[in-house]
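# Per-entry structural report
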Amino acid sequence: MTELRWVHDMIRRDLGVVERLADRVAAGLPADEVRAGLRSLAAQGPLWQLKINCLRYCRFVHGHHGLESSMLFPALRRGNPALGPVIDRLEADHRRVSGLLDEVEAAAGGLGGPDEPAVRGRLVAALKGLAAELLPHLEYEEENISATLATLTGLPG
C-alpha cells in the first residue's frame, strides 16, 4: 500500500504541475518555455519522462493501470471476493482514464503545429478532464483496497 500511495502521490503532484503548465500554454507560453517546464519535472521525482512531453506521462499512467489490472486486481479478487464491485469500478475507471490519456496524448502531439491556439485549448481541456477523472479514481482506489492489500502476501514484483 505504501508503494501504491507513493506512485499515486507522484501522479497527483505531476498532474498538478502539468495542469498549471497547460494553463500557461493556453495563455500563450512560448514552446521553448513549455519544454523547459516539462524538463523541470525531472528534478521532482521518478516521473522524469515528463521532461520530454505529456506522451511519456500518459504512457506511465497507462502502464501503471495495466499492471494493476493484470496483476493487482486479480490478487485482490482472490484475497477478498467481496471487493468484486470495487474492482469492477476501478477497471471501468481505467477504461475511462485510458481514453482521456489518449486525448491528452493527441493534443500534446499537435503542439507546435499550424493550429497552435486550438491545440493549446484542446490540451488544457484534456488535462482538466483527466484530472477530474483520475484524482477521484486514485482516492477511491486507496480508500477501498488498502485493508485487503495489507493482508496480501506473495504479490509479483
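A quick note: this is a predicted structure, and the numbers were derived from the prediction, not measured. (Residues numbered from 1 in each chain as written. Predicted model: local features only at pLDDT ≥ 70, side-chain atom pairs only at ≥ 80, totals over all residues. Heavy atoms only, no water.)

What follows deals with the packing of aromatic side chains. Inspection of every chain in the model, using the stated rule, returns zero aromatic pairs. One Lys or Arg, R89, reaches over the ring of Y140 and ends 3.6 Å from the middle of that ring. (Phe/Tyr/Trp six-rings, centres within 6.5 Å; stacked < 30°, edge-to-face > 60°. Lys NZ or Arg CZ within 6 Å of the ring centre and 35° of its normal.)

This brings us to the pattern of salt bridges. Evaluation of the coordinates by the stated rule reveals nine salt bridges. Of the charged contacts, one joins E91 and R77 as a salt bridge, the two residues approaching to 3.1 Å between their closest N and O atoms. A residue pair is termed long-range when its members are at least 10 positions apart, and E91 in helix α4 (residues 84-109) and R77 in helix α3 (residues 54-79) qualify at 14 residues. Given a relative accessible area of 28%, R77 falls into the partly exposed group. Each of R5, D9, R12 and E142 takes part in salt bridges that share partners, so that together they form one network. (Salt bridge = Lys/Arg side-chain N within 4 Å of Asp/Glu carboxyl O. Helix = DSSP H or I, 4+ residues; strand = E, 2+ residues; numbered from the N terminus. Buried < 20%, exposed > 50% of the residue type's maximum accessible area, 1.4 Å probe, protein only.)

Below, the discussion takes up the packing of helix α1 (residues 2-26) against helix α2 (residues 31-40). The N-to-C vectors of α1 and α2 enclose an angle of 175°; their axes lie 11 Å apart at closest approach. Viewed along their axes, α1 and α2 adopt a mutual orientation that is roughly antiparallel. Every residue of α2 that contacts α1 at L21, R24 and V25 is listed here: E33, V34, G37 and L38. Taken together, the residues of the contact of α1 with α2 sort by class into four nonpolar, one polar and two charged. (Axes fitted to C-alpha atoms, helices over the stretch in contact; angles between N-to-C directions. Parallel < 35°, antiparallel > 145°, perpendicular 65-115°, else oblique. Contact = heavy atoms within 4.5 Å. Nonpolar A, V, L, I, M, F, W, Y, C, P; charged D, E, K, R; others polar.)

Next up on the list: the confidence of the model for the protein chain. Per-residue confidence for the protein chain gives a mean pLDDT of 83; residues scoring 70 or more make up 87%. Looking at the elements of the protein chain, mean pLDDT is at its lowest for α2, recorded as 77, and at its highest for α4, recorded as 93. For the stretch residues 45-52, pLDDT sits under 50, and the model shows 22 contacts to residues farther than four places along the chain or on other chains. (pLDDT = per-residue confidence, 0-100.)

Note that S69 resides in helix α3. For the pair S69 and I87, spaced 18 residues apart in the sequence, the C-alpha separation amounts to 8.9 Å. Ignoring sequence-local partners within four residues, the contact set of S69 consists of P74, E91 and H94.

As a further point, take the nonpolar core. V104, L130 and L134 are the most contacted members of the largest nonpolar core, which totals 24 residues. Elements with a contribution of two residues or more to this core: α1, α3, α4 and α5 (116-151). If one sorts the elements of this core by residue count, α5 sits on top with eight residues. Once residues within four sequence positions are removed from consideration, L134 is found in contact with I11, L15, Y57, V61, H65 and V97. The next biggest cluster of nonpolar side chains, apart from the first, holds 13 residues, and it includes L72, F73, L149 and L152. (Core = buried A, V, L, I, M, F, W, Y, C linked by side-chain atoms within 4.5 Å.)

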